[in-house]
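Descriptive structure summary
What follows is each chain in one-letter form.
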Amino acid sequence: MNRLTIKHNELTAEEFIFLWESVWGKGPTLEQTRLAMEHTLFRVSVFDGDTIVAMARMNGDMGLDYYIKDVVVRPEYQGKGIGRMLIDELLRFIDEHGVSGTSIFVELCAMPDKIPFYEKFGFAANEAQRLKMYYQVK
Ligand SMILES: CC(C)(COP(=O)(O)OP(=O)(O)OC[C@H]1O[C@@H](n2cnc3c(N)ncnc32)[C@H](O)[C@@H]1OP(=O)(O)O)[C@@H](O)C(=O)NCCC(=O)NCCS
């Protein structure tokens, strides 16, 4: 592994799909993903030399609420502290943009086997259930 580089708000739709497919199978379409990248509040990507190895993104309103999405480290790079780097970057963004001294709600959705990873940063599950649907856009 070379020296890792962290980039802010440079993650492209193509890179997003590449990383998505390295862990979750078939990714979303390029058109949807381009729109999503354009409107994401904060994107983080990590490079080993010229190769992208990890990403995370976050939406939010800066004042009250943030939502973390798509935290991915390529399988061959997992277990080396890169996931921690991603979350640290997201939390630093909140520190830099939130109202100093206030509490801000930060949410995410995690599969049970990933919960211990997020607990290391202070996240904890509550009794709320996730409601979801795949809405067909007309
Ligand atoms: C979850 C994920 C982002 C973690 O990234 P990573 O680079 O492997 O994590 P790190 O090496 O930075 O680990 C940081 C700490 O969390 C711990 N950790 C990481 N994954 C863990 C897991 N699944 N369960 C328990 N602890 C975990 C590490 O042991 C390390 O602990 P330490 O700092 O006390 O030594 C990575 O496994 C991944 O991309 N998985 C596939 C995609 C995914 O499911 N993302 C989460 C979406 S909710």
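Residues numbered from 1 in each chain as written. Predicted model: local features only at pLDDT ≥ 70, side-chain atom pairs only at ≥ 80, totals over all residues. Heavy atoms only, no water.

Judged by nonpolar contacts, the single largest core of 24 residues is most densely connected at Met58, Ile82, Leu86 and Leu90. It is helix 3 (residues 82-97) that provides the largest number of residues to this core, a total of six residues. With near-sequence residues (within four places) excluded, methionine 58 lies in contact with Thr40, Leu41, Phe42, Tyr66, Tyr67, Ile68, Leu90, Phe93 and Ile94. Counting residues in each nonpolar core, the second largest holds ten residues, with Leu11, Phe47, Met55 and Val72 among its members. (Core = buried A, V, L, I, M, F, W, Y, C linked by side-chain atoms within 4.5 Å. Buried < 20%, exposed > 50% of the residue type's maximum accessible area, 1.4 Å probe, protein only. Helix = DSSP H or I, 4+ residues; strand = E, 2+ residues; numbered from the N terminus. Contact = heavy atoms within 4.5 Å.)

The next subject is the site of the ligand. Near the ligand you find 20 residues, and of these Val71, Val73, Gly79, Gly83 and Arg84 are the closest. For the ligand, an oxygen atom lies 3.3 Å from a polar atom in the backbone of lysine 80. In this structure, a nitrogen atom belonging to the ligand sits 3.0 Å away from a main-chain N or O atom of aspartate 113. About the coverage of the ligand: the protein hides 71% of its 910 Å² of free accessible area. Going through the elements one at a time, helix 1 (13-24), strand 4 (65-73), helix 3 and helix 4 (115-119) are the ones with two or more residues in the shell around the ligand. Of the residues belonging to the shell around the ligand, the class tally is eleven nonpolar, four polar and five charged. (Near = heavy atom within 4 Å. Polar contact = N/O pair within 3.5 Å; in protein donor to acceptor, adjacent residues only side chain to side chain. Areas by Shrake-Rupley, 256 points an atom, 1.4 Å probe, with all protein chains shown as cover. Nonpolar A, V, L, I, M, F, W, Y, C, P; charged D, E, K, R; others polar.)

Another aspect to go through is the pairing of strand 2 (residues 42-48). Judged by how many residues are buried, strand 2 sits mostly within the fold: seven of seven residues are covered. Burial along strand 2 is two-sided: Phe42, Val44, Val46 and Asp48 facing one way and Arg43, Ser45 and Phe47 facing the other are all buried. Where strand 1 (residues 4-8) meets strand 2, five bridges bridge the pair, whose relative direction is antiparallel. Residue histidine 8 lies in a different strand from strand 2, and its bridge partner there is valine 44. Relative to strand 3 (residues 51-60), strand 2 runs antiparallel, the two sharing seven bridges. From the neighbouring strand, arginine 43 faces strand 3, where its bridge partner is arginine 57. Between strand 2 and strand 3, which pair antiparallel and follow one another directly, the connecting turn spans two residues, one of which, glycine 49, has a positive phi of 65°. (Pairing = 2+ DSSP bridges.)

As a further point, take the packing of aromatic side chains. Using the criterion set out here, one finds seven aromatic pairs in the structure. With a centroid separation of 5.9 Å and an interplanar angle of 35°, the aromatic rings of phenylalanine 16 and tryptophan 20 are classed as tilted. Taken together, the residues phenylalanine 16 and tryptophan 20, both in helix 1 and four residues apart, mark about one turn of the helix. When its relative accessible area of 3% is taken as the criterion, phenylalanine 16 is described as buried. Residue tryptophan 20 is classed as partly exposed on the basis of its relative accessible area of 22%. With a centroid separation of 6.3 Å and 90° between ring planes, the pair formed by tyrosine 66 and phenylalanine 93 is classed as edge-to-face. You can see tyrosine 66 sitting in strand 4 and its partner phenylalanine 93 sitting in helix 3, a full 27 residues away along the chain. (Phe/Tyr/Trp six-rings, centres within 6.5 Å; stacked < 30°, edge-to-face > 60°.)

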